[in-house]
Each structure stands twice: as C-alpha cells, then as structure tokens.
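# Coordinate inspection notes
In case you want the letters, here they are:
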Amino acid sequence: MKKSHLTILTLLVLSATAPTHAAEEKRYISDALSTWVRSGPGNQYRLVGQLNAGEEVTLLQTNDSTHYGQIRDTQGRTTWIPLAQLNVDPSLRIRVPQLEQQVKELTNKLTNIDGSWNQRTAEMQKKVGASDSVINGLKDENQKLKNELVVAQKKVNAANVQLDDKQRTIIMQWFMYGGGVGGVGLLLGLLLPHMIPRRKRNDRWMN
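Residues numbered from 1 in each chain as written. Predicted model: local features only at pLDDT ≥ 70, side-chain atom pairs only at ≥ 80, totals over all residues. Heavy atoms only, no water.

### So, the overall build of the chain
Looking only at helices and strands, one finds 2 helices and 7 strands in the chain. Helices and strands in the chain line up, N terminus first, as α-β-β-β-β-β-β-β-α. Across the 207 residues in the chain, those meeting the buried criterion constitute 16%. Within the chain, contacts between residues separated by at least 24 positions form 56% of all contacts whose residues are at least 6 apart in sequence. (Helix = DSSP H or I, 4+ residues; strand = E, 2+ residues; numbered from the N terminus. Buried < 20%, exposed > 50% of the residue type's maximum accessible area, 1.4 Å probe, protein only. Contact = heavy atoms within 4.5 Å.)

### Focus: the nonpolar core
Ile29, Val37, Leu51, Val57, Leu59, Ile71, Ile81 and Leu86 form the largest nonpolar core, which has 8 residues in total. Ignoring anything within four residues of it in the chain, the contact list for isoleucine 71 reads Val37, Leu51, Val57, Thr58, Leu59, Leu60, Arg77, Thr78, Thr79, Ile81 and Leu86. (Core = buried A, V, L, I, M, F, W, Y, C linked by side-chain atoms within 4.5 Å.)

### Section: the pattern of salt bridges
As enumerated under the stated definition, the model contains 3 salt bridges in all. Its salt-bridge partner being aspartate 73, residue arginine 77 comes within 2.8 Å of it at the nearest N-O pair. Its relative accessible area of 36% is what places arginine 77 among the partly exposed residues. The exposure class of aspartate 73 is buried, given its relative accessible area of 7%. As a salt-bridge pair, arginine 168 and aspartate 165 come within 3.0 Å of each other at their nearest N and O atoms. (Salt bridge = Lys/Arg side-chain N within 4 Å of Asp/Glu carboxyl O.)

Following this line, the structure appears as structure tokens:
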C-alpha cells in the first residue's frame, strides 16, 4: 500500500511540473521597473537573472499548473517567468519612442502640407492679382470706348443740326427761286395777250 501511494504522489508531482509546449510567440515584460526570472516553472526554483521593463522576449512554452512561461531573451538566455508579467502588446518603453517617431513624421507632413498650402495660396493670389489687373484694364478700355461713343454721338447730333440748317437753306432758296420764276411767268402771261393781238390788228390795216 505504501509503495502504491508513493507512486501516485510521484506521478502527481511530475504532472504538476510538466511543461506545456506552445508555439514561439513574442511577448514583452510588463511595465514594472524590473522582474526576476527563474531556472524553472515555479517559485521553488532559484533566481537566475533579471529583465528590464518593456524588454522583448520570445515565449517558448507555458506551464498551466504553475502559470509560468519559458522565455528566451534578446541575449539568447532561456529562463522562466510568471505569465502575469508578460504582455502581448509592446510596453511603453517601446511604444513611446514609436509614438514620438509617428508624431515627428506627422509634424513633418503637416509642415510640408502647410508649406504647400502657402505656396498654392501665393499662386492663387498671384493669379487673382493678374486677373484683377486684366479686369481693371478691360474696365478702363470700356470706359474709354463709352467716352468716345458719347463724343461721337455729340458730333453726329451737331452734324444732323448742320444738315437740317442746310436743308432749310436749300428749301428756302428753291422756294424763293420758284417764287421768282412764278412771278415772271405771271407777268409774261399778263403782257403777252396784249402784245400779240396788237400785231395782228396792225397787219389787218396794212392789207
């Protein structure tokens, strides 16, 4: 009976300390200042080193019974660490420089965008200024043409007045000429009847 109990107890201990294999995965030490690593999957194993917060490690396997994981650090050392002290996401030690780099890149992009925008704005203002100059030139030319049109209209009106005066003068001259001719014709009409019969009478007396 004693041998059977000893065998069962030995099997239980071995099963409790037996590691569970897992695929290699990247993990990161938690954001604590530092953490101790051990030579085996449990607190009963001796401390063999220390890892800094945020350090990247590779998870080789896990032990579900002790909640420990076997890791390999950047120096190639293989040790064990509580799974609670491993994070899936990068720690602040890694993320902060990455965020700073992203902020720097975004700042540079914004600076370039701002410079490009200022350049485009300057070009648009230049084009608008040129357009204003053209528009002002067209306005001046239009006003000049309007002024010339007013002067031309005044000249046409003056010419029309002079033409009307000449037409009136010509009409009066023709009227006067026609009146004179009519007067002479009237006189001839009155005188000729008296002159022609007398000649006929004189002819009769001569016969």
